[in-house]
Amino acid sequence: MANIAVQRIKREFKEVLKSEETSKNQIKVDLVDENFTELRGEIAGPPDTPYEGGRYQLEIKIPETYPFNPPKVRFITKIWHPNISSVTGAICLDILKDQWAAAMTLRTVLLSLQALLAAAEPDDPQDAVVANQYKQNPEMFKQTARLWAHVYAGAPVSSPEYTKKIENLCAMGFDRVSIYNLSIFSVVAGQV
């Protein structure tokens, strides 16, 4: 990696670690390799969203042309969001594409991704199926997003009735993972 990119990302990495703002917003970053070309980010689901309480892992790849080109970022944790692929974790966010500026930082990217979870842009989707559900059936979208947040990101269950039903099925001998998979299928198919 070019020397300017290494120096810059080292500085930004330390900035995220020391920032009160990122700490308050429960945003973390870790090294994957020693040469700062690959990082692992983590953002908390924002309050008052279906993602609240979830922890979302991000893959961050730093190009040799950084900071003149944006980092390549994708969600590792599965998420139900119009601007994030439910299959690959690819993200549709302008600052990660054509609106990137060299003055932006790793901290800016992580905070922007967390803000995206609170303010979807369904008219510029990465996942058309999710965007359609978001626009056509907002309540079903919220239920699906909450369920995915629980199953994949460890968010707490928001419904005591749901928890009781899961526990009853487990007591009957059903596997918890199979129950969650069936629950996801049912919510996505509109049967819950």
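What this report covers is the structure whose coordinates are included nearby. These numbers come from a predicted model, not from an experiment.

About the criteria used
Residues numbered from 1 in each chain as written. Predicted model: local features only at pLDDT ≥ 70, side-chain atom pairs only at ≥ 80, totals over all residues. Heavy atoms only, no water. Pairing = 2+ DSSP bridges. Helix = DSSP H or I, 4+ residues; strand = E, 2+ residues; numbered from the N terminus. Axes fitted to C-alpha atoms, helices over the stretch in contact; angles between N-to-C directions. Salt bridge = Lys/Arg side-chain N within 4 Å of Asp/Glu carboxyl O. Buried < 20%, exposed > 50% of the residue type's maximum accessible area, 1.4 Å probe, protein only.

### Re the sheet that holds strand 1 (residues 27–31)
Thought 1: Pairing is antiparallel across the open sheet formed by 4 strands, whose spatial order is 1-2-3-4. One side of each edge strand has no neighbouring strand; the edge strands of this open sheet are strand 1 and strand 4 (72–75). Each strand axis lies, on average, 25° off the axis of its neighbour in the sheet, ignoring direction.
Thought 2: As paired elements, strand 2 (residues 38–44) and strand 3 (residues 55–61) share 7 bridges and run antiparallel to each other.

### Some thoughts on the pattern of salt bridges
Thought 1: Counting across every chain of the model gives 7 salt bridges.
Thought 2: Among the salt bridges present, the one from glutamate 21 reaches arginine 107, with a minimum N-O distance of 3.4 Å. Here glutamate 21, found in helix 2 (residues 20–24), pairs with arginine 107, found in helix 3 (residues 106–118); they are 86 residues apart in sequence, far enough to count as distant.
Thought 3: Residue classification places arginine 107 among the partly exposed residues on the basis of a relative accessible area of 24%.
Thought 4: With a shortest N-O distance of 2.4 Å, arginine 55 and glutamate 42 are connected by a salt bridge. With a gap of 13 residues between them, arginine 55 in strand 3 and glutamate 42 in strand 2 connect regions that are remote in the sequence.

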